[in-house]
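# Structural overview for review
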Amino acid sequence: MNATIDRPNAGAVLDDKHVGHIRGAFGTILHHDNGPRQSWHHRLQTLLAIIGPGLIVMVGDNDAGAFGTYTQAGQNYGTTLLWTLLLLIPVLYVNQEMVLRLGAVTGVGHARLILERFGKFWGAFSVIDLFLLNALTIVTEFIGIALALDYLGVSKALGVSLSAILIMAAASTGDFRRFERFSMALVAGSLLLIPVFLAIHPPMAQIARDFVTPQLPEGAKLSDVMLLIIAIVGTTVAPWQLFFQQSYVIDKRITPRFMAYERADLWLGIVLVIVGAVAMMAFTAAAFAGKPEFGNFTDAGAVAAGLQQSAGRAVGVMFALALIDACIIGASAVSLSTAYALGDVLSMKHSLHRKPSDAKGFYVVYFGLIVLAAGLVLTPGAPLGLLTNAVQTLAGVLLPSATVFLLLLCNDKDVLGPWVNGRGLNVFTSAVIGVLVILSIILTASVMLPDATDENVILAILGGGGVLVLLGALATVALRTKGEIVKKIDPELRAAWRMPPLSKLPPAKLSKTSRLWMIVLRLYLVIAGGLVLWRIVMLALTAQ
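Residues numbered from 1 in each chain as written. Predicted model: local features only at pLDDT ≥ 70, side-chain atom pairs only at ≥ 80, totals over all residues. Heavy atoms only, no water.

### Observations regarding the overall build of the protein chain
Formally: Only DSSP runs of H or I reaching four residues or more are called helices, and only runs of E reaching two or more are called strands; each is numbered from the N terminus. Buried, partly exposed and exposed residues are distinguished by accessible area as a fraction of the type maximum, computed with a 1.4 Å probe on protein chains only: under 20%, between the cut-offs, and over 50%, respectively. Contact definition: two residues touch when any of their heavy atoms are within 4.5 Å. Here, Shrake-Rupley sampling with a 1.4 Å probe gives the accessible areas, and only protein chains in the shown set may cover a residue.
Helices and strands together make up the secondary structure of the protein chain, namely 22 helices and two strands. Across the 544 residues of the protein chain, 54% fall into the buried class. Of the contacts made within the protein chain by residues no fewer than 6 positions apart, 85% connect residues no fewer than 24 positions apart. Accessible area of the protein chain: about 22,800 Å², with a carbon and sulfur share of 66%.

So, in structure tokens, the structure goes:
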């Protein structure tokens, strides 16, 4: 039976530059080109024009924090934590597929949808926490650049300044294609990790085994291992990714008709980010195995020096250049996610198709974040180590809330129409949220009460939380409407369906259960976020 759905809407795009031809790095699709792609040649041309958002967001995720986290795992524990990356693959795909679907179907950014569907409190919260966390994240990107420059023997002041100018110049041409080509060049630069991997030649059999075999390092302190696992999750699945990809898909003018191609682009990005993460963990483990530095990670700069000792100067240089490359694409993407979000919420012009003179507010935010971060890194005595810790901690606390809103939006039929989530996806995402909350609680407890959070406490949280996650997943299935008939939808109507303008949307319909969980979430965020910030401030005052 075919379901009856409304005819395609005019759309709800907030910036008229978000409508028009798709002008990607490797091709163009005309605005009204809705014809079928029947030949492989035509399909390949379409894919080349579409690819970009998934690759950029995923490779941008392998940034300074990722370099530090993955190499720390390799240097301290070998390849025993590789399995965490395998478990994160479906999480990455599900989260990012939901936001690309929201972007293509609604034409409205993530922050604005939260504001419109859940009220001013959550709208303001989403933008404020994104702004704070992203600002700190961009600082870590320039810390990574500074570490690489120090290893290469280049002036930090000169290198950081030139990097900041390059990041700002690339986004301010008013030519979307030019920015995407710049970003794709950086994506290609991330492949420098491959020759490093080949030069170190870690044992492939052990890598394959540890990638599919969950285990914990022998003799390691459970609390330290759990915090590193949480850091791996936090650096691989970050809140900024959700906001960036949704807005970038909109700015590239991708519509539901090209959903399959954008999903392929996302899978390409996931493959690259996992290959890079595995490579870093593996070659660091092999380079430091049996040496005094094994188990004593300091920073990515020391990793470059260790790689040089193991395989020569060229290998250390390639790693340092890959780090700079990663930090540049990371700083660019994270800054854009913030500028896009503020542009959405404040109804400012916000598009890379516009020059700075035509979108002043958008570029002021983008430039301001870059200048602020670069300035902090170049300021003598700035608490850079504390800022790095703050990023990981706040990301762990805020990530569950971001996923909750993502799930609610993807079940809003007024927003996504025939593109809403299915039952299986909802159950999986609910379980992911439960696991993220458990990890967030462990992280918060470890930051607030480091001496009291021992192995027994962590095991109790994991055990109790695991039971609650299982019960929650079962409840999600049970509360679904029984006997729901799955109806077929005309593919052409589905491909053309867009969310109506925001002014025409009916009020969001939240169940009592959803409202209750949002209240609980609000309390948790206020308490956990407040305690973590208090702890960070106390540490800063103590350091002085």
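### Remarks on the side chain of Ser335
Applied cut-off: Counted as a polar contact is a pair of N or O atoms within 3.5 Å, where, for protein atoms, one must be capable of donating a hydrogen and the other of accepting one, and residues adjacent in sequence contribute only when both atoms are in side chains.
Checked against the element boundaries, Ser335 lands in helix H15 (residues 313-345). Relative accessible area serves as the criterion here: at 0%, Ser335 is assigned to the buried category. Polar contacts involving the side chain of Ser335 include one to the main-chain carbonyl oxygen of Ala331, which spans 2.7 Å. If we skip the residues at most four places from it in the chain, Ser335 touches Ile138, Tyr366, Leu369 and Ile370.

### Re the packing of helix H6 (residues 120-152) against H15
Worth spelling out the cut-off: Geometry is summarised by axes, namely lines fitted to C-alpha atoms with helices restricted to the contacting stretch, and by angles between N-to-C directions that run from 0 to 180 degrees. An angle below 35 degrees is read as roughly parallel, one above 145 as roughly antiparallel, one from 65 to 115 as roughly perpendicular, and any other as oblique. Each crossing gets its handedness from the near helix: less than a right angle anticlockwise from the far helix is left-handed, clockwise is right-handed. When residue character is reported, Ala, Val, Leu, Ile, Met, Phe, Trp, Tyr, Cys and Pro are called nonpolar, Asp, Glu, Lys and Arg charged, and the others, Gly included, polar.
Look at H6 against H15: their axes get within 9 Å of each other, and the N-to-C directions meet at 160 degrees. Accordingly, the angle class assigned to the pair H6 and H15 is roughly antiparallel. Crossing of H6 against H15: the hand is left-handed. Taken together, the residues of the contact of H6 with H15 break down into 22 nonpolar, eight polar and two charged.

### Description of helix H9 (residues 193-200)
Stated precisely, the cut-off is as follows: In this description, the arc belongs to the directions extending from the helix axis to the C-beta atoms.
Taken together, the buried positions of H9 are Leu193, Val196, Phe197 and Ile200. Taken around the axis of H9, the buried residues stretch over an arc of 100 degrees, which confines them to a single face. Close packing links the buried residues of H9 with helix H3 (64-77), helix H10 (204-212), helix H13 (259-288), helix H14 (300-311) and H15. A positive backbone phi angle near 40 degrees is found at His201, which sits one or two residues after H9.

### Some words on the side chain of Arg253
As a reminder, the rule being used: Only four residue types enter the charge count: Lys and Arg as positive, Asp and Glu as negative, with His and the chain ends excluded. Every case where a carboxyl oxygen of Asp or Glu lies within 4 Å of a side-chain nitrogen of Lys or Arg is listed as a salt bridge.
Along the chain, Arg253 falls in the loop between helix H12 (239-251) and H13. In this structure, Arg253 is buried with no salt-bridge partner, the nearest side chain bearing the opposite charge being Asp251 at 6.0 Å. Apart from residues lying up to four places away in sequence, Arg253 is in contact with Lys17, His18, Val19, Gly20, His21, Ile22 and His353.

### A word on the confidence of the model for the protein chain
As a note on interpretation, predicted positions should not be read in detail where pLDDT is low. Short version of the rule: pLDDT is defined as a per-residue confidence score from the predictor, taking values between 0 and 100.
Per-chain confidence: the protein chain averages 85 in pLDDT, with 84% of residues scoring 70 or above. Considering only residues more than four positions removed or in separate chains, one finds that residues 1-8, a stretch of pLDDT under 50, has 15 contacts. Below a pLDDT of 50 lies the segment residues 481-486, which in the model reaches one contact outside its immediate sequence neighbourhood of four places, other chains included.

### Focus: the environment of Gly60
For Gly60, the location among the structural elements is in helix H2 (residues 53-61). As a C-alpha pair, Gly60 and Ser332 span 272 residues in sequence and 8.4 Å in three-dimensional space. If we skip the residues at most four places from it in the chain, Gly60 touches Leu55, Trp240, Ile329 and Gly330.

### Observations regarding the packing of aromatic side chains
Geometry of an aromatic ring pair is reported as the spacing of the ring centres plus the angle between the planes. Definition in use: Under the pairing criterion, centres of Phe, Tyr and Trp rings, with the six-membered ring standing for Trp, must be within 6.5 Å; the plane angle then separates stacked pairs below 30 degrees from edge-to-face pairs above 60, leaving the rest tilted. Should the NZ of a Lys or the CZ of an Arg lie within 6 Å of a ring centre and within 35 degrees of the ring normal, that charge is described as sitting over the ring.
Within this structure, the stated rule accounts for 16 aromatic pairs. Ring centres 5.0 Å apart and planes at 80 degrees place the aromatic pair Phe362 and Tyr363 in the edge-to-face group. Accessibility classification places Phe362 together with Tyr363 in one group, the buried group. A cation sits over an aromatic face here: Arg313 above Tyr151, 4.7 Å from the ring centre. Its guanidinium or amino end placed over the ring of Trp419, Arg494 lies 3.7 Å from that ring's centre, counting from NZ or CZ.

### Looking at the pattern of salt bridges
Within the structure shown, the criterion is met by 13 salt bridges. Between Arg112 and Glu116 there is a salt bridge, and its shortest N-O distance comes to 2.8 Å. One end of the pair, Arg112, and the other, Glu116, are both in helix H5 (residues 110-118), four residues apart, so they sit about a helical turn from each other. Arg112 gets classed as buried once you look at its relative accessible area, which sits at 12%.

### Re unusual backbone geometry
Its identity as a non-glycine residue notwithstanding, His201 has a phi of 40 degrees, on the positive side. Position of His201 among the secondary structure elements: in the loop between H9 and H10. The class for His201 is exposed, based on a relative accessible area of 61%. Unusually for a residue other than glycine, Arg253 sits at a positive phi of about 75 degrees.

### Quick look at the packing of H9 against H14
Two numbers describe how H9 lies on H14: the axes approach to 10 Å, and their chain directions differ by 45 degrees. The orientation of H9 relative to H14 falls into the category oblique. The interaxial crossing formed by H9 with H14 has left-handed handedness. For the pair formed by H9 and H14, the contact residues are Val196, Ala199 and Ile200 on the first element and Leu307, Ser310 and Ala311 on the second. Grouping the amino acids of the contact of H9 with H14 by side-chain chemistry returns five nonpolar, one polar and no charged.

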